[in-house]
Amino acid sequence: MNSEKFDYIIVGAGSAGCVLANRLTEDSNNSVLLIETGGSDKSIFIQMPTALSIPMNTKKYAWQFETQPEPFLNNRRMHCPRGKVPVSYTHLTLPTIYSV
(Lines give C-alpha, C1' and ligand atoms only; values in the text may rest on other atoms or scores of the structure.)
Protein backbone atom coordinates (compact mmCIF):
# COMPACT_ATOMS: atom_id res chain seq x y z
CA MET A 1 0.00 0.00 0.00
CA ASN A 2 1.22 3.47 -0.90
CA SER A 3 1.77 5.63 2.19
CA GLU A 4 2.14 8.95 0.38
CA LYS A 5 0.86 11.92 2.38
CA PHE A 6 -0.92 14.99 1.04
CA ASP A 7 -1.41 18.47 2.43
CA TYR A 8 -4.90 18.67 0.92
CA ILE A 9 -7.42 16.08 -0.23
CA ILE A 10 -10.22 17.34 -2.45
CA VAL A 11 -13.18 15.05 -3.02
CA GLY A 12 -14.90 15.82 -6.31
CA ALA A 13 -13.25 16.99 -9.50
CA GLY A 14 -16.12 19.20 -10.57
CA SER A 15 -15.52 22.79 -11.58
CA ALA A 16 -14.97 23.98 -8.01
CA GLY A 17 -12.74 21.02 -7.07
CA CYS A 18 -10.54 21.54 -10.12
CA VAL A 19 -10.23 25.29 -9.52
CA LEU A 20 -9.38 24.70 -5.85
CA ALA A 21 -6.76 22.07 -6.72
CA ASN A 22 -5.24 24.41 -9.29
CA ARG A 23 -5.08 27.27 -6.82
CA LEU A 24 -3.54 25.13 -4.08
CA THR A 25 -0.87 23.74 -6.42
CA GLU A 26 0.25 27.21 -7.46
CA ASP A 27 2.40 26.94 -4.33
CA SER A 28 4.85 24.14 -5.19
CA ASN A 29 5.17 23.31 -1.47
CA ASN A 30 1.58 22.01 -1.41
CA SER A 31 0.73 18.45 -2.36
CA VAL A 32 -2.87 17.88 -3.42
CA LEU A 33 -4.87 14.71 -4.04
CA LEU A 34 -7.94 15.26 -6.23
CA ILE A 35 -10.42 12.36 -6.14
CA GLU A 36 -13.24 11.80 -8.64
CA THR A 37 -15.48 8.74 -8.68
CA GLY A 38 -16.08 8.66 -12.42
CA GLY A 39 -13.91 7.87 -15.36
CA SER A 40 -12.48 9.87 -18.20
CA ASP A 41 -14.33 12.62 -20.04
CA LYS A 42 -12.87 11.53 -23.38
CA SER A 43 -16.09 9.83 -24.53
CA ILE A 44 -17.59 11.16 -27.76
CA PHE A 45 -20.92 11.33 -25.92
CA ILE A 46 -19.50 13.88 -23.49
CA GLN A 47 -17.50 15.86 -26.05
CA MET A 48 -20.35 16.17 -28.59
CA PRO A 49 -23.02 18.72 -27.50
CA THR A 50 -25.77 17.09 -29.58
CA ALA A 51 -25.32 13.87 -27.57
CA LEU A 52 -26.21 15.67 -24.33
CA SER A 53 -29.06 13.32 -23.41
CA ILE A 54 -26.76 10.26 -23.47
CA PRO A 55 -24.41 11.22 -20.62
CA MET A 56 -27.25 12.86 -18.69
CA ASN A 57 -29.33 9.69 -18.76
CA THR A 58 -26.65 7.00 -18.43
CA LYS A 59 -25.49 5.67 -15.06
CA LYS A 60 -21.95 5.40 -16.44
CA TYR A 61 -21.63 9.19 -16.81
CA ALA A 62 -24.04 10.65 -14.23
CA TRP A 63 -25.64 9.98 -10.86
CA GLN A 64 -29.35 9.69 -11.55
CA PHE A 65 -30.73 11.76 -8.67
CA GLU A 66 -34.31 12.88 -8.31
CA THR A 67 -35.90 15.61 -6.22
CA GLN A 68 -38.37 14.97 -3.45
CA PRO A 69 -41.98 14.95 -4.67
CA GLU A 70 -42.82 18.47 -5.83
CA PRO A 71 -46.23 19.53 -4.43
CA PHE A 72 -46.90 22.08 -7.20
CA LEU A 73 -46.08 19.50 -9.89
CA ASN A 74 -48.67 16.95 -8.79
CA ASN A 75 -46.03 15.34 -6.51
CA ARG A 76 -43.82 14.37 -9.43
CA ARG A 77 -40.09 13.95 -8.92
CA MET A 78 -37.72 15.92 -11.16
CA HIS A 79 -34.69 14.29 -12.78
CA CYS A 80 -31.43 15.88 -11.51
CA PRO A 81 -28.41 14.17 -13.06
CA ARG A 82 -24.98 14.97 -11.59
CA GLY A 83 -21.91 14.10 -13.62
CA LYS A 84 -19.30 11.49 -12.68
CA VAL A 85 -16.34 12.76 -14.72
CA PRO A 86 -13.83 15.56 -14.02
CA VAL A 87 -15.54 18.96 -14.31
CA SER A 88 -18.63 16.81 -14.66
CA TYR A 89 -21.51 19.17 -13.98
CA THR A 90 -20.00 21.64 -16.42
CA HIS A 91 -19.83 18.91 -19.07
CA LEU A 92 -23.51 18.18 -18.58
CA THR A 93 -24.74 21.77 -18.50
CA LEU A 94 -22.58 23.86 -20.83
CA PRO A 95 -23.97 22.32 -24.03
CA THR A 96 -27.48 23.23 -22.88
CA ILE A 97 -26.57 26.72 -21.78
CA TYR A 98 -24.86 27.58 -25.05
CA SER A 99 -27.12 25.72 -27.48
CA VAL A 100 -29.24 28.05 -29.58
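A. Up close: the packing of aromatic side chains. Throughout the structure, instances matching the rule amount to 1 aromatic pair. Aromatic pair Trp63 and Phe65: ring centres 6.5 Å apart, planes at 20 degrees, arrangement stacked.

B. A nonpolar patch on the surface, seen in detail. A contiguous nonpolar surface patch, about 330 Å² in accessible area, is contributed by Ile44, Phe45, Met48 and Ile54. Counting through the fold element by element, Ile44 comes out in helix 2 (residues 44-47). For Ile44, a relative accessible area of 52% gives the class exposed.

C. Region of the structure containing unusual backbone geometry. We note that Asn74 has phi near 60 degrees; this positive angle belongs to a residue other than glycine. If you trace the backbone, Asn74 turns up in the loop between strand 3 (62-66) and strand 4 (79-83). A relative accessible area of 70% means that Asn74 is categorised as exposed. In this model, Asn75 sits at a positive phi of 60 degrees, which is unusual for a non-glycine residue. Inspection of the secondary structure assignment puts Asn75 in the loop between strand 3 and strand 4.

D. Expanded view of helix 1 (residues 15-25). The complete set of buried residues in helix 1 reads Gly17, Ala21 and Leu24. Looking straight down helix 1, one finds that the buried residues subtend no more than 70 degrees of arc, so they occupy a single side. Exposed side chains of helix 1 directed beyond 90 degrees from the buried face belong to Ala16, Val19 and Arg23. Where helix 1 is buried, its residues meet strand 1 (8-11) and strand 2 (32-35).

E. Geometry of the environment of Gln68. Tracing the backbone through its elements, the reader meets Gln68 in the loop between strand 3 and strand 4. Since its relative accessible area comes to 59%, Gln68 is described here as exposed. The sequence separation of Gln68 and Met78 amounts to 10 residues, and the corresponding C-alpha distance is 7.8 Å. If near-sequence neighbours (up to four positions away) are discounted, Gln68 is found in contact with Arg76 and Arg77.

F. Seen up close, the environment of Glu70. Inspection of the secondary structure puts Glu70 in the loop between strand 3 and strand 4. For Glu70, a relative accessible area of 29% corresponds to the partly exposed category. Residues in contact with Glu70, not counting those within four places in the same chain, are Asn75, Arg76 and Met78.

G. Here's a closer look at the side chain of Thr67. Relative to the helices and strands, Thr67 is located in the loop between strand 3 and strand 4. With relative accessibility at 18%, the residue Thr67 sits in the buried group. A distance of 3.4 Å separates a polar atom in the side chain of Thr67 from a polar atom in the side chain of Glu70. At 2.9 Å, the side chain of Thr67 and the backbone nitrogen of Met78 are in polar contact.

Criteria and cut-off values
Residues numbered from 1 in each chain as written. Predicted model: local features only at pLDDT ≥ 70, side-chain atom pairs only at ≥ 80, totals over all residues. Heavy atoms only, no water. Phe/Tyr/Trp six-rings, centres within 6.5 Å; stacked < 30°, edge-to-face > 60°. Patch = residues over 30% accessible without salt bridge, like charges linked within 9 Å, V, L, I, M, F, W, Y side chains within 5 Å. Areas by Shrake-Rupley, 256 points an atom, 1.4 Å probe, with all protein chains shown as cover. Salt bridge = Lys/Arg side-chain N within 4 Å of Asp/Glu carboxyl O. Helix = DSSP H or I, 4+ residues; strand = E, 2+ residues; numbered from the N terminus. Buried < 20%, exposed > 50% of the residue type's maximum accessible area, 1.4 Å probe, protein only. Arc of directions from axis to C-beta. Contact = heavy atoms within 4.5 Å. Polar contact = N/O pair within 3.5 Å; in protein donor to acceptor, adjacent residues only side chain to side chain.

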